[in-house]
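Working through the structure, step by step
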Amino acid sequence: MEKVSVVDYIKNLPFFEEFTDNEKSSLLEKKGVFEKYQEGETIIKQGAVESCLYVILLGKVCLYKSIDDNVEEGRISLSDSEEIVVKELEIGSIFGEISLITGRPRNVTARAASKDVSVIKITKEILESFEQPTQMKIQKQFLTKLAENLDDMNTECIKLKSIIKKKLKPKT
């Protein structure tokens, strides 16, 4: 994919809608910004400490959470933990923003969920290399995505509470 076609392509992605063509080109010229994965390959691993986020250009990515109720934090288990699908993400979605902002370990594992997956990887160093107005645009996208995710989680929590309440309600 040549650079001009990628700039034209990302114009349609919500993450980049407020960026100028020069800002988009500047991002695409950064070394190591593009990564490709095949189905099943791990993009980020739960527990890893990294400061980068990803924007999906092609394909689908699934987020997984490993659950191990029997293991105290900081200890290792010899048994396999249960892994549940948290969310499936499509073209234009971003993930990894929480670790980029907070520096905390990844709270999910992300794996390529389609034959070919292409992403833009934005590291803290890349973010800091931009002029202040571009950094602000990227940070605005983080905040918007975080707010959307929080709203989605609140909706899911309310649905789950309702289901649990109905299941626990004594039948008369």
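Figured I'd write up the structure that's included with this text. (Residues numbered from 1 in each chain as written. Predicted model: local features only at pLDDT ≥ 70, side-chain atom pairs only at ≥ 80, totals over all residues. Heavy atoms only, no water.)

**Digging into the overall build of the chain**
Looking only at helices and strands, one finds five helices and eight strands in the chain. Its helices and strands taken in sequence order, the chain reads α-α-β-β-β-β-β-β-α-β-β-α-α from the N to the C terminus. Considering the chain as a whole, with its 172 residues, one finds that 34% of them fall into the buried category. Within the chain, counting contacts between residues at least 6 apart in sequence, those at least 24 apart form 77% of the total. A total of about 11,400 Å² of accessible surface is found on the chain, and carbon and sulfur atoms cover 53% of it. (Helix = DSSP H or I, 4+ residues; strand = E, 2+ residues; numbered from the N terminus. Buried < 20%, exposed > 50% of the residue type's maximum accessible area, 1.4 Å probe, protein only. Contact = heavy atoms within 4.5 Å. Areas by Shrake-Rupley, 256 points an atom, 1.4 Å probe, with all protein chains shown as cover.)

**As for the sheet that holds strand β3 (residues 52–58)**
Strand order in the open sheet made by the four strands is β1-β8-β3-β6, with antiparallel pairing throughout. On the outer flanks of this sheet lie β1 (34–38) and β6 (94–95), each paired with one strand and no other. Relative to strand β8 (residues 116–123), β1 is paired through five bridges, and the arrangement is antiparallel. If you follow Tyr 37 over to β8, its bridge partner there is Val 117. (Pairing = 2+ DSSP bridges.)

**Thoughts on the pairing of β3**
Most of β3 is tucked away: six of the seven residues are buried. Pairing of β3 with β8, which is carried by six bridges, proceeds in the antiparallel orientation. Residue pairing across strands places Ile 56 opposite Val 119, the latter belonging to β8. Of the pairings in the sheet, the one linking β3 to β6 comprises two bridges and is antiparallel in character. Bridge pairing in β6 links Tyr 54 to Phe 95.

**What to know about the side chain of Lys 24**
In this fold, Lys 24 is placed in helix α2 (residues 21–28). Owing to a relative accessible area of 4%, Lys 24 belongs among the buried residues under this scheme. Filtering out sequence-adjacent residues up to four positions away, Lys 24 remains in contact with Val 7, Ile 10, Lys 11, Phe 16 and Phe 19.

**A word on the pattern of salt bridges**
The tally for this structure, following the rule as stated, stands at eleven salt bridges. Note that Lys 24 is salt-bridged to Asp 21, the shortest N-O span being 4.0 Å. Of this pair, Lys 24 and Asp 21 are both found in helix α2, three residues apart, which corresponds to roughly one turn of the helix. Assessed through its relative accessible area of 41%, Asp 21 is described here as partly exposed. The residue Lys 87 makes a salt bridge to Asp 152 at a minimum N-O spacing of 3.7 Å. In this pair, Lys 87 is assigned in strand β5 (residues 82–89) and Asp 152 in helix α5 (residues 132–168), connecting sequence segments 65 residues apart. Taken together, the shared-partner salt bridges in this structure form one network comprising Lys 60, Glu 88 and Glu 90. (Salt bridge = Lys/Arg side-chain N within 4 Å of Asp/Glu carboxyl O.)

**Looking at the sheet that holds strand β7 (residues 109–112)**
Overall, antiparallel pairing links the four strands, which are arranged β2-β7-β4-β5 in an open sheet. Only two strands of the sheet have a single partner each, and these edge strands are β2 (42–44) and β5. Within the sheet, the average angular offset between the axes of one strand and its neighbour, ignoring direction, is 35°. The pairing of β2 with β7 spans two bridges and is antiparallel. Note that in β7 the partner of Ile 44 across the bridge is Ala 110. (Axes fitted to C-alpha atoms, helices over the stretch in contact; angles between N-to-C directions.)

**Description of the side chain of Arg 106**
You can see Arg 106 is positioned in the loop between α3 (97–102) and β7. Polar side-chain contacts of Arg 106 include one of 2.9 Å to the backbone oxygen of Cys 52. Aside from chain neighbours lying at most four places away, what touches Arg 106 is Ile 44, Lys 45, Gln 46, Gly 47, Ala 48, Glu 50, Cys 52, Tyr 54, Gly 96 and Ser 99. (Polar contact = N/O pair within 3.5 Å; in protein donor to acceptor, adjacent residues only side chain to side chain.)

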